[in-house]
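One letter stands for each residue in the lines below.
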Amino acid sequence: MSKKLGLLGTSAIATAMRQINPDVVAAYPITPQTAIVEEFSQYVFDGDVDTEFLTVESEHSAMSACIGAAAAGARVMTATSSAGLALMWEMLGIASGLRLPVVMTNVNRALSGPINIHCDHSDSMGARDTGWIQIFSENAQEGYDNLIQAVRISEHEDVRLPVMIMIDGFITSHNIEVVEVLDDSDVKDFVKTNKAPFSLLDVKNPITFGPIQLFDFYFETKKQQSDAMRGSLRIIREVSREYEKLSGRKQPIVDMFMMDDAEIAIMVLSSTAGTTRSVVRELRKDGIKAGLIKPRIFRPFPVEDIVKSVKGLKALAVMDRSDSFNGFGGPLFTEVRSSLYESSNKPLIMNYIFGLGGRDVTVENIKEVFDTLQEVARTGKVENLINYLGVRE
Amino acid sequence: MKIEAKEKPKVKEKPGYKSIPIGGVIPKAGSSREYKTGDWRVRYPVIDKEKCINCLFCYIYCPEKCVVVKDGKVERVDLDYCKGCGICATECPKDAIEMKLE
Ligand code: SF4
Ligand code: SF4
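Worth saying up front: this structure is predicted, and the values here are computed from it rather than measured. (Residues numbered from 1 in each chain as written. Chains lettered and ligands numbered in written order. Predicted model: local features only at pLDDT ≥ 70, side-chain atom pairs only at ≥ 80, totals over all residues. Heavy atoms only, no water.)

## Comments concerning the overall build of chain A
The line we're drawing: Labels follow the DSSP assignment, with helices taken as runs of H or I lasting at least four residues and strands as runs of E lasting at least two, numbered in each case from the N terminus. Radius of gyration here is computed from C-alpha atoms only, and the compact-globule reference equals 2.2 Å multiplied by the residue count raised to the power 0.38. Contact criterion: two residues are considered in contact whenever any of their non-hydrogen atoms come within 4.5 Å of each other. Surface accessibility in these figures is a Shrake-Rupley result with a 1.4 Å probe; residues are shielded only by whichever protein chains are displayed. Charged residues are defined here as Lys and Arg on the positive side and Asp and Glu on the negative side; His and the ends of the chain fall outside this count. A charge is said to be at NZ when it belongs to Lys, at CZ for Arg, at CG for Asp and at CD for Glu.
Of regular secondary structure, chain A possesses twelve helices and 15 strands. Expected size for 393 residues packed as a compact globule is a radius of gyration near 21 Å; at 21 Å, chain A falls within 12% of this value. In terms of overall dimensions, chain A has a C-alpha envelope of 70 × 50 × 45 Å along the principal axes. A fraction of 80% describes how many contacts in chain A between residues 6 or more apart in sequence connect residues 24 or more apart. Of the roughly 16900 Å² of accessible surface on chain A, a fraction of 52% belongs to carbon and sulfur atoms. Of the charged side chains in chain A, 41 are positive and 52 negative, and the gap between their average positions amounts to 6 Å.

Written out as structure tokens, the structure reads:
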């Protein structure tokens, strides 16, 4: 029997980690780390898990240790945030390039400078092309659910890619929410065991991980990796369906709210979807046909689901909690807009960059976006393609 | 008499992304022997036996240990692995080694 508990976002994650009972967790325990690994280390100390817990000297080393352990065939997890993820960057590409199933929670926080560790998505968006599967969570429940599924996705024989799941810094990580926690034994059955195709510890069959590959093989290895990423969406769907049955909670690739007859909509990741949901409910009371689209999966980019989700819309605002500094728009926006290029049925589109460095996103802010969308839908004209929501002039 | 390899190493068709192990893993030990570094080469060494005094400097300096010695004499160069660096030719005190274009 599952039970409902009041949990901090970080506790929901640590609880999932306890239930998953990984072989190895390597983590750097100082800021910008969150309480996830602190709480997990308590489980290790109390003997609630069988995990080998390694405290290392940096996030770069944390990911390196995870890579070594995964190459040995272990089930490996870690957690990080903000500058910690940035310091891991070199090793992120090695984990994915060597096709090692590391599962990591990243608590979304800003990158310095100026110094700031409040919520935004600059950290994980900065890592969007490192070959990791990326799953965004609206709240603590989704963080818990996504983490358990991540293990199965990552270790699947057709995937063998690292997965990072995201929860919003502070908004989700440091707030208490009601979280429905599955039975320990149900989680254990669901995550199964890791069947690594190769192991460094298999002394009877000595192998090499991470050799040099020059112009004659590197390209083939990268093409395999690319195919695995594209193909992983099918596995994500399978695992999601199985988890839906276990938990009774829907696990869509792209979550849609009030979209059946919507004319205007906001597309946004993570906790801001919660705020948007409540605004949509209010607008609906006034007969305004507003809706919400919340992609749960960002890597691989679910092109077909995205294209389908906007069908019938007159105007769409894509909201990014990070800037690409590309002189054009945020990362979600540019990829959504690109996905729609061939579509004959595409809405007018605009981008809102918002909430950088933890800037609060209020109900009024979201209403303002919907007001503009109504205007765009009415006039058929987008005044400003790229907008900065709630910034002072 | 000039010592040249009888046959240039054949460049084997390399396997594609559909068949190689994932993540660049080498799934068995001792396989570097199969990796013929000879195809990196642009020039190959040709030893002039007339000039050679069998000092074996080339044998000692070759970073790939490609100079094959038999009974204290230079016999041939193993072109399967010779990468054409030309160190042997530079070190030869008798200028007995010429680096020829492939
Ligand atoms: S060219 Fe370089 S690799 Fe080839 S035999 Fe001479 S020293 Fe050795
Ligand atoms: S270095 Fe020159 S002289 Fe000495 S053994 Fe080699 S080819 Fe002969």
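## Regarding the site of ligand 2
The test is simple: For this description, a residue counts as near a given molecule or strand if any of its non-hydrogen atoms is within 4 Å of it. Residue classes follow a fixed rule: Ala, Val, Leu, Ile, Met, Phe, Trp, Tyr, Cys and Pro count as nonpolar, while Asp, Glu, Lys and Arg count as charged, and any other residue, Gly among them, counts as polar.
Taken together, the neighbourhood of ligand 2 is formed by Ile47, Cys52, Ile53, Asn54, Cys55, Leu56, Phe57, Cys58, Val74, Cys92, Pro93 and Ile97 of chain B. Residues that form the shell around ligand 2 fall into these classes: eleven nonpolar, one polar and no charged.

## Focus on the interface of chain B and chain A
Put simply, the rule reads: Joining two parts hides part of their accessible area as seen by a 1.4 Å probe, and the buried area is that hidden amount summed over both. Criterion for a salt bridge: a side-chain nitrogen of Lys or Arg within 4 Å of a carboxyl oxygen of Asp or Glu. Under this definition, polar contacts are N or O atom pairs within 3.5 Å; protein pairs additionally need one hydrogen-donor-capable and one acceptor-capable atom, and for neighbouring residues in sequence, both atoms have to be side-chain atoms.
Between chain B and chain A, the residue contacts involve 16 residues of the former and 19 residues of the latter. Summed over both partners, the interface of chain B with chain A buries about 1600 Å², with 68% contributed by carbon and sulfur atoms. Across the chain B-chain A interface, the total number found is one salt bridge. Between chain B and chain A we count six residue pairs in polar contact (both at pLDDT 80 or more) in total.

## A short note on the site of ligand 1
Ligand 1 sits among Pro45, Cys62, Pro63, Val77, Cys82, Lys83, Gly84, Cys85, Gly86, Cys88 and Met99 of chain B. Grouping the amino acids of the shell around ligand 1 by side-chain chemistry returns eight nonpolar, two polar and one charged.

## Re the packing of helix H9 (residues 272–285) of chain A against helix H12 (residues 363–379) of chain A
Each packed pair of helices is defined by two parameters, the angle between the axes and the distance between the axes. All names here are of chain A. Cut-off, in case you're wondering: Note on geometry: axes are C-alpha line fits, over the in-contact stretch for helices, and angles between N-to-C directions span 0 to 180 degrees. For any helix crossing, the convention is left-handed if the near helix is rotated counterclockwise from the far helix by under a right angle, and right-handed if that rotation is clockwise.
For the pair H9 and H12, interaxial distance at closest approach is 9 Å and the crossing angle is 60 degrees. Crossing hand, H9 versus H12: right-handed. When H9 is examined against H12, the residues Thr272, Thr275, Thr276, Val279, Val280, Glu282 and Leu283 are found in contact with a partner set consisting of Val363, Ile366, Lys367 and Phe370. Residue classes in the contact of H9 with H12 are distributed as six nonpolar, three polar and two charged.

## Focus: unusual backbone geometry
Among all residues except glycine, the phi angle is most often negative; among peptide bonds, the trans geometry is most common. Here is the rule we go by: Classification of residues uses two cut-offs on accessible area relative to the type maximum, computed with a 1.4 Å probe and protein chains only: under 20% is buried, over 50% is exposed, and between them is partly exposed.
That bond from Gly113 of chain A to Pro114 of chain A is cis: its omega, 0 degrees, falls within 30 degrees of zero. Within the secondary structure, Pro114 of chain A sits in the loop between strand S5 (102–108) and helix H5 (122–126). With omega at 0 degrees, the peptide bond leading from Arg299 of chain A into Pro300 of chain A counts as cis. Topologically, Pro300 of chain A is positioned in the loop between strand S12 (297–299) and helix H10 (303–309). Even without being a glycine, Asp71 of chain B presents a positive backbone phi close to 50 degrees. Among the structural elements, Asp71 of chain B can be located in the loop between strand S3 (67–70) and strand S4 (73–77). Accessibility expressed as a relative area gives 74% for Asp71 of chain B, which makes it exposed.

## Points about the domain arrangement of chain A
Residue and element names in this part refer to chain A. Threshold: Note that the domain bounds were set by an automatic or database domain assignment.
The domains assigned to chain A are domain 1 (3–247) and domain 2 (254–389). Centre-to-centre, using C-alpha coordinates, domain 1 lies 28 Å away from domain 2. Of the residues lining the interface, 29 residues belong to domain 1; the matching set on domain 2 comes to 24 residues. With both sides pooled, the region where domain 1 packs onto domain 2 buries about 2200 Å², and carbon together with sulfur makes up 53% of that total. A salt bridge links Lys294 to Glu138; the nearest nitrogen and oxygen atoms lie 2.9 Å apart. For the interface between domain 1 and domain 2, the tally reads 19 residue pairs in polar contact (both at pLDDT 80 or more). At the level of secondary structure, the elements contributing two or more residues to the side of domain 1 that touches domain 2 comprise H5, strand S6 (133–136), helix H6 (140–155) and helix H8 (218–247). Per-element accounting of the side of domain 1 that touches domain 2 gives the leading share, six residues, to H8. Across the side of domain 1 that touches domain 2, the residue classes break down as eleven nonpolar, eleven polar and seven charged.

## Some points on H6 of chain A
Residues and elements named next belong to chain A. Rules: Take the number of residues in a helix, subtract one, and multiply by 1.5 Å to get its expected span. What we call the bend at a residue is the angle made by axes fitted to the seven residues finishing there and the seven residues starting there.
In this model, H6 (16 residues) spans 23 Å end to end at C-alpha, consistent with the 22 Å of a helix rising 1.5 Å per residue. Of all the bends in H6, the greatest measures close to 25 degrees and is centred on Gln149. One side-chain oxygen at the N-terminal end of H6 lies 3.3 Å from the backbone nitrogen of Gln141; it belongs to Asn139.

## Structural notes on the sheet that holds S5 of chain A
The strands making up a sheet are joined through hydrogen bonds of the backbone, oriented either antiparallel or parallel. All names here are of chain A. Which entries qualify depends on this criterion: Pairs of strands are assigned from DSSP output, requiring at least two bridges between the strands.
Spatially, seven strands are ordered S3-S2-S4-S5-S7-S6-S12 in an open sheet, and the strand pairing comes out mixed. Looking along the sheet, the strands with just one partner apiece sit at the ends: strand S3 (52–55) and S12. Shown here is a sheet whose adjacent strand axes are inclined to one another by a mean of 20 degrees, direction ignored. Where strand S4 (residues 76–81) meets S5, six bridges bridge the pair, whose relative direction is parallel. Bridge pairing links Met77 to Val103 in S5. Together, S4, S5, S6 and strand S7 (163–168) form the strand contacts of H6, whose direction differs from that of S7 by roughly 175 degrees.

## Some details on the side chain of Ser232 of chain A
Residues and elements named next belong to chain A. Residue placement: Ser232 occurs in helix H8. The class for Ser232 is buried, based on a relative accessible area of 0%. Separated by 2.6 Å, the side chain of Ser232 and the backbone oxygen of Met229 make a polar contact. Not counting residues within four places of it along the chain, the set of residues in contact with Ser232 comprises Ile133, Val159 and Pro300.

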